[in-house]
Amino acid sequence: MGTLAENILAEASGKSVSPGEIVYAGVDTAMSHENAALVIRWFREIGRERVWDNEKIVIIFDHRVPAESIKTAEGQKKIRNFVKEQGIKHFYDINTGICHQVLAEKGFSRPGIVLVGTDSHTTTAGAFGAFATGIGATEMAGVWATGRIWFKVPETIKINVEGELSKGVYAKDVILHIIGHLRADGANYMAVEFDGDTIKNMSIASRMVLSNLSMEMGAKVAFVYPDEKTKKWLEERKAKPYRFILPDKEARYVDEYNFDASEITPKVACPHTVDNVKSIEEVEGTEINQAFIGSCTNGRLEDLREAAKILKGRKVKEGVRLIIGPASWEVYRDAMREGLLDIFIEAGGVIINPGCGPCLGAHQGILASGEVAISTTNRNFQGRMGSPESFVYLASPAAVAASAIEGKIADPRKYLR
Amino acid sequence: MGKVWKFGDDVNTDVIYPGYALKVTNPDEMAKYAFAEVYPEFSKEVKEGDIIVAGKNFGCGSSREQAALCLKYVGISCVIAKSFARIFYRNAINIGLPVIELKETDEINEGDELEVDLNEGILRNVTQGKEYKIKPYPEIIRRIIDAGGLINYLKEGKNV
Ligand code: SF4
């Protein structure tokens, strides 16, 4: 009689469960990126010789690729050595892409599994129906040692979205709209289930945007129900065994929210919190210095296509820096074959290699004090993309492209008529 | 006993520990980056045993464990908040930094002296002469905290 979270945890712990209870679950996939260096340190301290299963650990370099400093280079070297030492089968070096995208592309994000990652946006894999959540490095060392983890069975809220999206309105606007209503802690400790026609009609890439950003309202996991589209994706990716686990009809939800997609308009999350959501009209005209299209939130092919539609034959405003970061090698290659990269270059954009890029303010496009950026990423906290005196607005790829052309925050709808 | 450093709602991990310092691994150095960009004086003025008291959703944002580690390394003995973001909550416990959920944090002022007794489940505000009951931890969390964190717990040969 469970929600999706309850049903997966029941399966993983081998007993029936109810919210609030602590359960012990076996882990199917354990993902880390460069912070595996810290995990290794704790793992060594625990003192086990071998990891519990070298086929279930996935390590993907994405946060600072190629290494931007000696410290990072040393960390990456340490991880590469560890991968060899332990025979870790699934290791992706600097030429693959952002962890959450790579997990999906390589078939690790699968329905019904327990997936933990040392990255908060691990919730992204919930778009495939996985119980996927972020943990810290110490806890990951524990998983590497034992293959097990404790969870408090979360309560679940259900979010229904029905109706058709208007032109110029995307999954990004839908989820920003929802976060604006539920606020930054609206789903804290909870599981979220997305349901409704709008979600069913969304592409896999768009569903990933929802699960990705749900983290910003505190969600522990954020599910889209697996369906035919999911199945097709998994088969194309030769994903390992998976099970379609769904919620029961009698499942109990602590809250239910209904949204009408046709009423949602382009949204912007304003500095310095993701729940500071406004309609684009309210901030239109705000001058910008940088525009970034990329990240695990909106760096997929459909995002680049939308941006290219608007940038085609146009130029980025003088004095504004447009940075494009494809989410993965695969996206990069496809965008190149489709001619999207040409469009960006002609417009005056700078294309960076797949990876997190400027999203976390570590390299590749750091903001100076007083500067303003509009970005397709998922966080606009103070200092997130550079100086603590800079300002980050979050929006859809189309809105960022339109803003890059005008040099100020602009409504994408006028370019899409 | 520790002196209170008061914070508001939604204190995020980018503010607690800046992204550019994530490659730092040395504890003393990590301590220096606690709130480095936003409250540069914090790490210099904080004393061993001091306590952070905050509003709701403390530690929201990234999974970076450094946000909990830097507080421990800088000498913070305990974080008390109306609620925590879930990854921060787990990280703190796993590295052996006690975290306490308390609805009444608005009543506590900056600079108050607090005494925390986890065994008795009591928080005393010595300055104001008030007492609060703390909700007991679930069994597994208590065992991890008692061991001084997850690493020690696993070192003792136990399993989750
Ligand atoms: S792109 Fe940004 S949000 Fe996504 S994993 Fe990288 S740093 Fe995190």
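Residues numbered from 1 in each chain as written. Chains lettered and ligands numbered in written order. Predicted model: local features only at pLDDT ≥ 70, side-chain atom pairs only at ≥ 80, totals over all residues. Heavy atoms only, no water.

A. View of the pattern of salt bridges. With the rule as written, the count across this model stands at 38 salt bridges over all chains. One salt bridge connects E306 of chain A with K309 of chain A, and the closest N-O pair in it is separated by 2.9 Å. On the criterion of helical spacing, the pair formed by E306 of chain A and K309 of chain A is a turn pair, its members being 3 residues apart in helix α12 (residues 301–311). With a relative accessible area of 17%, E306 of chain A lands in the buried category. A salt bridge links K130 of chain B to E107 of chain B; the nearest nitrogen and oxygen atoms lie 3.5 Å apart. With K130 of chain B in strand β7 (residues 130–133) and E107 of chain B in the loop between β4 (99–101) and β5 (113–117), this pair connects stretches of sequence that are 23 residues apart. Of the residues examined, E107 of chain B reaches a relative accessible area of 34% and is grouped as partly exposed. Among the ionic contacts, a cluster of salt bridges with common partners joins E115, E120, R124 and E131 of chain B. (Salt bridge = Lys/Arg side-chain N within 4 Å of Asp/Glu carboxyl O. Helix = DSSP H or I, 4+ residues; strand = E, 2+ residues; numbered from the N terminus. Buried < 20%, exposed > 50% of the residue type's maximum accessible area, 1.4 Å probe, protein only.)

B. Summary view of the domain arrangement of chain A. Residues and elements named next belong to chain A. For chain A, the domain assignment lists domain 1 (4–259) and domain 2 (268–412). Taking only C-alpha atoms into account, the centre of domain 1 sits 24 Å from that of domain 2. Taken together, the 35 residues of domain 1 in the interface contact 36 residues of domain 2. Looking only at domain 1, the three residues that lose the most surface to domain 2 are I98, Y170 and K172, adding up to 21% of its buried area. The partner of R183 in a salt bridge is D275, with the nearest N and O atoms 3.2 Å apart. (Domains from an automatic or database assignment. Contact = heavy atoms within 4.5 Å. Buried area = accessible area lost by both parts, 1.4 Å probe.)

C. Up close: the environment of K56 of chain B. Mapped onto the secondary structure, K56 of chain B falls in the loop between β2 (51–54) and α4 (66–74). Judged by its relative accessible area of 28%, K56 of chain B is partly exposed. Separated by 45 residues in sequence, K56 of chain B and V11 of chain B place their C-alpha atoms 8.3 Å apart. K56 of chain B has contacts with D185 of chain A together with D9, D10, K82 and S83 of chain B, leaving out every residue within four places of it along the chain.

D. Region of the structure containing the pairing of strand β17 (residues 372–375) of chain A. Residues and elements named next belong to chain A. Where burial is concerned, the two faces of β17 agree: the one with V372 and I374 and the one with A373 and S375 are both buried. Relative to β17, strand β14 (residues 290–294) is paired through 3 bridges, and the arrangement is parallel. The partner of Q290 across the bridge, within β17, is A373. Two strands pair when backbone bridges link them, and β17 and strand β18 (residues 391–394) are joined in this way by 4 bridges, in the parallel orientation. Along β18, the bridge assignment pairs I374 with Y393. (Pairing = 2+ DSSP bridges.)

E. Region of the structure containing α12 of chain A. Residue and element names in this part refer to chain A. The element α12 is extensively covered by neighbouring structure, given that 8 of its 11 residues are classed as buried. Of all the residues in α12, the buried ones are L301, D303, L304, E306, A307, A308, I310 and L311. Downstream of α12 by a residue or two, G313 has a phi angle that is positive, lying close to 75 degrees.

F. Structural view of the interface of chain A and chain B. Residue-level contacts link 44 residues of chain A with 46 residues of chain B. Both sides of the chain A and chain B interface together cover about 3,800 Å² of buried area, and 55% of this is carbon and sulfur. Together, T138, W150 and Y189 of chain A form the three largest contributors to the area buried by chain A at its contact with chain B, with a combined 17%. Here chain A and chain B share 6 salt bridges between them. Here E139 of chain A and R90 of chain B are joined by a salt bridge, their closest N and O atoms 2.8 Å apart. Linking chain A to chain B there are 21 residue pairs in polar contact (both at pLDDT 80 or more). Contributions of two or more residues to the side of chain A that touches chain B are made by β1 (22–26), α2 (36–46), α3 (70–86), β6 (131–134), α5 (137–146) and β7 (148–152) of chain A. Here the residues of the side of chain A that touches chain B are counted per class, giving 17 nonpolar, 14 polar and 13 charged. (Polar contact = N/O pair within 3.5 Å; in protein donor to acceptor, adjacent residues only side chain to side chain. Nonpolar A, V, L, I, M, F, W, Y, C, P; charged D, E, K, R; others polar.)

G. Region of interest: the site of the ligand. Residue and element names in this part refer to chain A. Neighbouring the ligand are H63, I98, H100, D119, H121, S295, C296, C356, C359, L360, N378 and R384. Grouping the amino acids of the shell around the ligand by side-chain chemistry returns 5 nonpolar, 5 polar and 2 charged. Built from parts of two domains, the shell around the ligand gets at least three residues from each of domain 1 (4–259) and domain 2 (268–412). (Near = heavy atom within 4 Å.)

H. Structural view of the sheet that holds strand β6 (residues 122–125) of chain B. Residue and element names in this part refer to chain B. With respect to topology, 7 strands assemble into an open sheet ordered β4-β3-β2-β1-β5-β6-β7, the strand pairing being mixed. Each edge of the open sheet is held by one strand with a lone partner, namely β4 and β7. On average, each strand axis in the sheet is tilted by 30 degrees relative to the strand beside it, whichever way the strands run. The pairing of β6 with β7 spans 4 bridges and is classified as antiparallel. Paired with N125 across the strands is K130, a residue of β7. (Axes fitted to C-alpha atoms, helices over the stretch in contact; angles between N-to-C directions.)

I. Up close: the state of the cysteines. According to the stated counting rule, one finds 0 disulfides over all chains in the structure shown. For C99 of chain A, which is in no disulfide, the shortest distance to another cysteine sulfur is to C356 of chain A and amounts to 6.2 Å. C270 of chain A takes part in no disulfide bond, and the closest cysteine sulfur, belonging to C60 of chain B, lies 17 Å away. Since its relative accessible area comes to 3%, C270 of chain A is described here as buried. (Disulfide = S-S within 2.5 Å.)

J. View of the packing of α12 of chain A against helix α14 (residues 340–347) of chain A. All names here are of chain A. Between α12 and α14, whose axes approach to 9 Å, the crossing angle comes to 45 degrees. Viewed along their axes, α12 and α14 adopt a mutual orientation that is oblique. The element α12 and its partner α14 pack so that their crossing is left-handed. Residues L301, L304, R305, A307, A308 and L311 of α12 lie in contact with α14, whose contacting residues are L340, I343, F344 and A347. Considering only residue class, the contact of α12 with α14 consists of 9 nonpolar, no polar and 1 charged. (Parallel < 35°, antiparallel > 145°, perpendicular 65-115°, else oblique. Left-handed = near helix turned anticlockwise from the far one by under 90°.)

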